[in-house]
Amino acid sequence: MRRSFPFFLFLISFSLFSFGTKDSSLTQINIQKQIKDAFIRGNAQQLSLCFNEVVDVKINGIDATYSRYQAELIVSDFFDKNPPKTFQIEQEGNTSECVTYTIATYTTSANCLFRVYYVIKRTKKTEKLLIYELSITKNKQCQLRK
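Presented here is an overview of the structure given in this document. (Residues numbered from 1 in each chain as written. Predicted model: local features only at pLDDT ≥ 70, side-chain atom pairs only at ≥ 80, totals over all residues. Heavy atoms only, no water.)

Here we take up the overall build of the protein chain. Along the protein chain, the regular secondary structure elements total four helices and six strands. In sequence order, the secondary structure elements of the protein chain are arranged as α-α-β-β-α-β-β-β-β-α. Here the analysis covers contacts within the protein chain between residues at least 6 apart in sequence; of these, 44% occur between residues at least 24 apart. Approximately 9,900 Å² of the protein chain is accessible, and the part contributed by carbon and sulfur atoms is 56%. (Helix = DSSP H or I, 4+ residues; strand = E, 2+ residues; numbered from the N terminus. Contact = heavy atoms within 4.5 Å. Areas by Shrake-Rupley, 256 points an atom, 1.4 Å probe, with all protein chains shown as cover.)

Below, the structure is given as structure tokens:
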């Protein structure tokens with residue numbers, strides 16, 4: 001029995017360490033899922049829950065820094081003018097341990113394509129993952145359309 005005690009202690013420690021690292025990746029998966037769902041639904045209110053208190057928003061060349069509430073209004077206007085059809089994540093990556101980026105394609109109901117780029121950072125205060133930067137750019141082929 002005494003010989004098995006160190007083994008069980010090691011096993012418990014290893015399990016706790018493993019679950020701790022999975023928790024942070026689950027948080028990353030959850031926010032990505034929430035963002036994707038918001039784009040698919042065209043739901044600016046749901047997307048704004050993923051925004052930092054202050055977020056840089058660039059939509060078709062208009063670039064500014066907004067509060068979470070202001071950014072929600074800007075994105076809501078975008079969704080009203082460009083209802084969703086699909087949202088496909090093309091690429092994800094990390095620029096550092098607590099900063100990730102995502103590039104996606106947003107297709108409207110009129111089959112117009114937009115390139116979506118956003119940066120997620122872990123907040124210092126709450127350790128939550130939030131969007132700090134959002135860029136939505138119309139595809140050149142769609143710029144000729146009205």
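Spatially, β2-β1-β6-β5-β4-β3 is the arrangement adopted by the six strands of the open sheet, whose pairing is mixed. Of all strands in the sheet, those bounded by a partner on one side alone are β2 (62-67) and β3 (84-96). The mean angle between the axes of side-by-side strands here comes to 15 degrees, regardless of whether they run parallel or antiparallel. The sheet contacts of helix α3 (residues 68-81) involve β1 (51-59), β2, β4 (99-108), β5 (113-122) and β6 (129-138), and relative to β1 the element is tilted by about 40 degrees. (Pairing = 2+ DSSP bridges. Axes fitted to C-alpha atoms, helices over the stretch in contact; angles between N-to-C directions.)

Attention shifts here to the side chain of Gln46. Summarising the element assignment, Gln46 is placed in helix α2 (residues 44-48). Judged by its relative accessible area of 16%, Gln46 falls in the buried class. Looking at Gln46, its side chain comes within polar contact range of the main-chain oxygen of Gln34, at 3.4 Å. Each residue touching Gln46, except ones within four places of it in the same chain, is listed here: Gln34, Asp37, Ala38 and Arg41. (Buried < 20%, exposed > 50% of the residue type's maximum accessible area, 1.4 Å probe, protein only. Polar contact = N/O pair within 3.5 Å; in protein donor to acceptor, adjacent residues only side chain to side chain.)

Let's shift gears to unusual backbone geometry. Look at Asn60: it is not a glycine, yet its phi comes out positive at around 50 degrees. Structurally, Asn60 can be placed in the loop between β1 and β2. Accessibility expressed as a relative area gives 39% for Asn60, which makes it partly exposed. Despite not being glycine, Asn111 has its phi angle at roughly 60 degrees, a positive value. Tracing the backbone shows Asn111 in the loop between β4 and β5. Given the relative accessible area of 42%, Asn111 is considered partly exposed.

Inspection of the secondary structure puts Gln28 in helix α1 (residues 4-41). Separated by 100 residues in the primary sequence, Gln28 and Lys128 have C-alpha atoms spaced 9.5 Å apart. When sequence neighbours within four positions are dropped, the list of residues in contact with Gln28 reads Thr100, Ile120 and Leu129.

Before going further, it helps to spend a moment on the pairing of β1. One ladder, built from five bridges, connects β1 with β6; its direction is parallel. Bridge pairing links Ile59 to Ile136 in β6. As defined by bridge partners, β1 adjoins β2 across six bridges and the pair is classed as antiparallel. From the neighbouring strand, Ile59 faces β2, where its bridge partner is Ile62.

Here α3 spans 20 Å end to end across 14 residues, near enough to the 20 Å set by a 1.5 Å rise per residue. Within α3 the residues assigned to the buried category are Ala71, Val75, Phe78 and Phe79. The buried residues of α3 occupy one face: seen down the axis, they fall within an arc of 95 degrees. When the buried face of α3 is taken as reference, the exposed residues oriented beyond 90 degrees from it are Tyr69, Asp80 and Lys81. (Expected span 1.5 Å × (residues − 1). Arc of directions from axis to C-beta.)

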